Amino acid sequence: MQRYSKKRQSILECLSETKEHPTAEWVYTKIKSEYPSLSLATVYRNLSMLKSEGVIRSVGTVNGQERFDADVTPHIHALCTKCGRVTDVAGISVPEDIGKIAESTTGFTVLRTELTVTGICALCSKEGKNNE
């Protein structure tokens with residue numbers, strides 16, 4: 001494992017220890033007490049560097065904020081279009097040949113495969129039923 005500054009290592013550990021697929025602001029809030037001089041810009045810069053190194057990945061922009069994941073193995077995300085929750089889908093894996101199929105049908109050179117299903121999460125569905 002590559003050695004990082006203490007702040008960058010703390011940012012990576014924060015991401016690695018959660019399944020929340022957090023925003024930069026969430027990470028900032030979690031580790032700010034550990035590093036009082038930490039700025040949100042520093043968190044953004046370090047997340048960008050970790051992402052470009054392939055150590056973490058972006059799940060995409062949800063409700064206007066980029067979300068991050070320390071699990072860079074191929075897996076499926078479920079995205080709630082109501083609250084923005086991002087959840088890993090357990091029990092199913094990304095088909096290994098999906099990249100090859102995409103390459104052969106589109107001519108693209110596939111660099112990474114990401115699958116996301118969208119819908120309404122159980123909590124939002126439950127809330128919606130209570131409001132009716």
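Enquirer: An account of the packing of helix α1 (residues 6–16) against helix α2 (residues 24–31) is needed here, citing residue identities and associated values.
Expert: Taken N-terminus to C-terminus, the directions of α1 and α2 make an angle of 110°; their axes are 10 Å apart at the nearest point. Considered as vectors, α1 and α2 are oriented roughly perpendicular to each other. Facing α1, whose interface residues are Ser10, Ile11, Cys14 and Leu15, α2 presents Trp26, Val27, Lys30 and Ile31. Split by residue class, the contact of α1 with α2 holds 6 nonpolar, 1 polar and 1 charged.

Enquirer: Any chance you could break down the packing of α2 against helix α3 (residues 40–52) for me, citing the residues and the numbers?
Expert: At a minimum axis separation of 9 Å, α2 and α3 run at an interaxial angle of 120°. By the criterion of interaxial angle, the relationship of α2 to α3 is oblique. In terms of crossing hand, the pair formed by α2 and α3 is right-handed. Across from Ala24, Glu25, Val27 and Tyr28 in α2, the residues of α3 making contact are Leu40, Val43, Tyr44 and Leu47.

Calculation rules
Residues numbered from 1 in each chain as written. Predicted model: local features only at pLDDT ≥ 70, side-chain atom pairs only at ≥ 80, totals over all residues. Heavy atoms only, no water. Axes fitted to C-alpha atoms, helices over the stretch in contact; angles between N-to-C directions. Helix = DSSP H or I, 4+ residues; strand = E, 2+ residues; numbered from the N terminus. Parallel < 35°, antiparallel > 145°, perpendicular 65-115°, else oblique. Contact = heavy atoms within 4.5 Å. Nonpolar A, V, L, I, M, F, W, Y, C, P; charged D, E, K, R; others polar. Left-handed = near helix turned anticlockwise from the far one by under 90°.

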